[in-house]
Amino acid sequence: MYKKVGKIVLIVGALCLVFILAIGFIKDRKNTDEVTAQGNAVETEKDNKEQKNDSKEEDKGVKELRLSEENLLLKIGDKYNVKVEGLLADGSLIDLTDDSKLLSHSDNEEKISIKDGEIVILDSAKADDEATITYVYENISATINVKVEAAEEPKKEEPKEQPKEEPKEEPKEENNESEQNNNSNSNDDTVMIDEDGKQVVTNPNDIHVLVNKQRNLPSDYVPEDLIKPDIKFSFTHEDPKRYMREEAAHALERLVAQAKEEGIEIVGVSGYRSYKRQETIFNYNVNKRGYEAANKISAKPGQSEHQTGLAIDVSCAGVNYKLQERLGELKEGKWLAENAHKFGFIIRYQLGKEEITGYQYEPWHIRYLGEDLAKDVYEKGLTYEEYFKQYMLKE
Ligand SMILES: [Zn+2]
């Protein structure tokens, strides 16, 4: 009898213990799941204090947060891992993506949420829903704008709208050029007209290929010899935009090394870009700024030199590794403009040549043409469009 009672007491005791442990567990989970904006601030403060007390090694001295994207366009069901880096006082970057002190939250949790560090577009989201995701590390924060892109069919109005605007738009910019193009078509075997009346280059693999707002690359063109130049980039994660075609990549390595020798640090920002990626960027800009503005600052898919694997955007610490016109006034930008041709590159979109190139001044965008051609284009002081017409077409 007493034995039986003893057993029952034991079992009840054990059950209680399990129950208490389970409640503790659920509470803990709740705490980590329910990280609100306020919670972030409190936890950040706590972390700061703990860090100061703990050890000096822990203090990374992060001055600024760098996110791999500023704007993201994602579809329902998409997940996206944003790379978060910390800029240190000495100008170097450390990867904070998996740092336990990095906190993040969305201001539109029900539709665009963060799970295990990934941005997730929930099924409840609709096209054009937006959220601001805030990343907080210690007392520093950075944000990224996320917009939901229409899935497949439902909202394909934009591509339909574009052709409508195009005829109005482009003749203005191209008047002189398209005339000349028409005249020269007969002796220009580097381009053909496809069934939509679009000019498509026939020599996408040629390092001299001319790609611009008139001359498209085939949508399926992917260079076969893409490699990663061994240079410093403005980000540390793996990314297709690290790649360039082999010859251009090695030339870039030589350029960056020579600059370094002269006390100039040039950093890679964005090299190869696929047709698909360009499409996403262009559509995003159309959504955000309208067709006209988007067409000035970004290329339409197929019209970007980045798809050739022969172009790269570069920057420097003086403009915070961003792509800003001010780069042209800094010693790094000036060095590039004066020396890039020695390594086979030209500044592709020159100041004051917007009417000819179709692009704003981009002191950061360099294009590989090989040393001989780059030198000649540089010395003649022409844009590649002008040079091509004057010197590269058969008589
Ligand atoms: Zn570029």
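Conventions adopted
Residues numbered from 1 in each chain as written. Predicted model: local features only at pLDDT ≥ 70, side-chain atom pairs only at ≥ 80, totals over all residues. Helix = DSSP H or I, 4+ residues; strand = E, 2+ residues; numbered from the N terminus. Buried ≥ 20, exposed ≤ 12 C-beta atoms within 10 Å, placed from the backbone. Contact = placed C-beta atoms within 7 Å. Core = buried A, V, L, I, M, F, W, Y, C linked by C-beta atoms within 7 Å. Pairing = 2+ DSSP bridges. Axes fitted to C-alpha atoms, helices over the stretch in contact; angles between N-to-C directions. pLDDT = per-residue confidence, 0-100. Arc of directions from axis to C-beta.

Draft legend 1. Looking closely at the overall build of the chain. The secondary structure content of the chain amounts to 10 helices and 19 strands. Looking at the chain as a whole, 29% of its 395 residues qualify as buried. Sequence separation of at least 24 residues holds for 61% of the intrachain contacts in the chain that already meet a minimum separation of 6.

Draft legend 2. Here's a closer look at the nonpolar core. Residues Leu252, Leu255, Ala340, Phe345, Ile346 and Ile366 are the most contacted members of the largest nonpolar core, which totals 40 residues. Mapped onto this core, the elements with two or more residues apiece are α4 (246-261), β17 (311-315), β18 (345-349), β19 (362-368), α9 (371-380) and α10 (384-392). No other element matches the seven residues that α4 contributes to this core. Apart from the residues lying within four places of it in its own chain, the contact partners of isoleucine 366 are Ala311, Ile312, Val314, Leu336, Ala340, Phe345, Ile346, Ile347 and Arg348. If you look at the next biggest cluster of nonpolar residues, it comprises 17 residues, including Val62, Val136, Ile144 and Val146.

Draft legend 3. Up close: the sheet that holds β17. Strand order in the open sheet made by the four strands is β16-β17-β19-β18, with antiparallel pairing throughout. Here the strands that pair on one side only, and so sit at the sheet edges, are β16 (267-270) and β18. Adjacent strand axes in the sheet meet at a mean angle of 45° when their direction is disregarded. Here β18 runs beside β19; their pairing, made up of four bridges, is antiparallel. Bridge pairing in β19 places tyrosine 349 opposite glutamate 362.

Draft legend 4. Focus on the sheet that holds strand β1 (residues 62-67). In space, the three strands of this open sheet follow the order β1-β4-β5, with antiparallel pairing throughout. Edge positions in the open sheet fall to β1 and β5 (93-95), since each of these has one partner strand only. Direction aside, neighbouring strands of the sheet carry axes that sit 30° apart on average. Pairing analysis gives five bridges linking β1 to strand β4 (residues 84-88), with the strands arranged antiparallel. Bridged to valine 62 within β4 is leucine 88.

Draft legend 5. Representation of the pairing of β17. The element β17 is largely enclosed, with a buried count of five among its five residues. Summarising the sheet, β16 and β17 pair through three bridges and their orientation is antiparallel. If you follow serine 270 over to β17, its bridge partner there is aspartate 313. As paired elements, β17 and β19 share three bridges and run antiparallel to each other. Note on β19: the bridge partner recorded for isoleucine 312 is isoleucine 366.

Draft legend 6. Focus on the environment of arginine 215. Assignment of secondary structure puts arginine 215 in strand β13 (residues 215-216). In this structure the C-alpha to C-alpha distance between arginine 215 and glycine 302, which are 87 residues apart in sequence, comes to 8.4 Å. Setting aside its immediate chain neighbours within four residues, arginine 215 contacts Val191, Gln199, Val201 and Leu210.

Draft legend 7. Quick peek at the confidence of the model for the chain. Residues at a pLDDT of 70 or more form 73% of the chain, whose mean pLDDT is 78. Within the model, the stretch residues 16-57 combines pLDDT values under 50 with 20 contacts to residues more than four positions away or in other chains. Note on residues 152-184: pLDDT under 50 across the span, and 20 contacts to partners over four residues away in sequence or across chains.

Draft legend 8. Here's a closer look at the environment of leucine 323. With respect to the helices, strands and loops of the structure, leucine 323 is situated in the loop between β17 and α7 (331-339). Classification of leucine 323 by C-beta neighbours within 10 Å gives partly exposed; the count is 16. Discounting chain neighbours no more than four positions away, the residues touching leucine 323 are Val269, Asp313, Ser315 and Trp364.

Draft legend 9. Just α9, in detail. Listed as buried for α9 are Ala374, Val377 and Tyr378. Down the axis of α9, the buried set is contained in an arc of 100°. They therefore lie on one face. Facing away from the buried side of α9, by more than 90 degrees, are the exposed residues Asp372, Glu379 and Lys380. Of the surrounding elements, those touching the buried residues of α9 are β18 and α10. Residue glycine 381 follows α9 closely and has a positive phi angle near 65°.

Draft legend 10. Spotlight on the pairing of β4. Here β4 runs beside β5; their pairing, made up of three bridges, is antiparallel. Looking at β5, one finds that glycine 86 is bridged to isoleucine 94.

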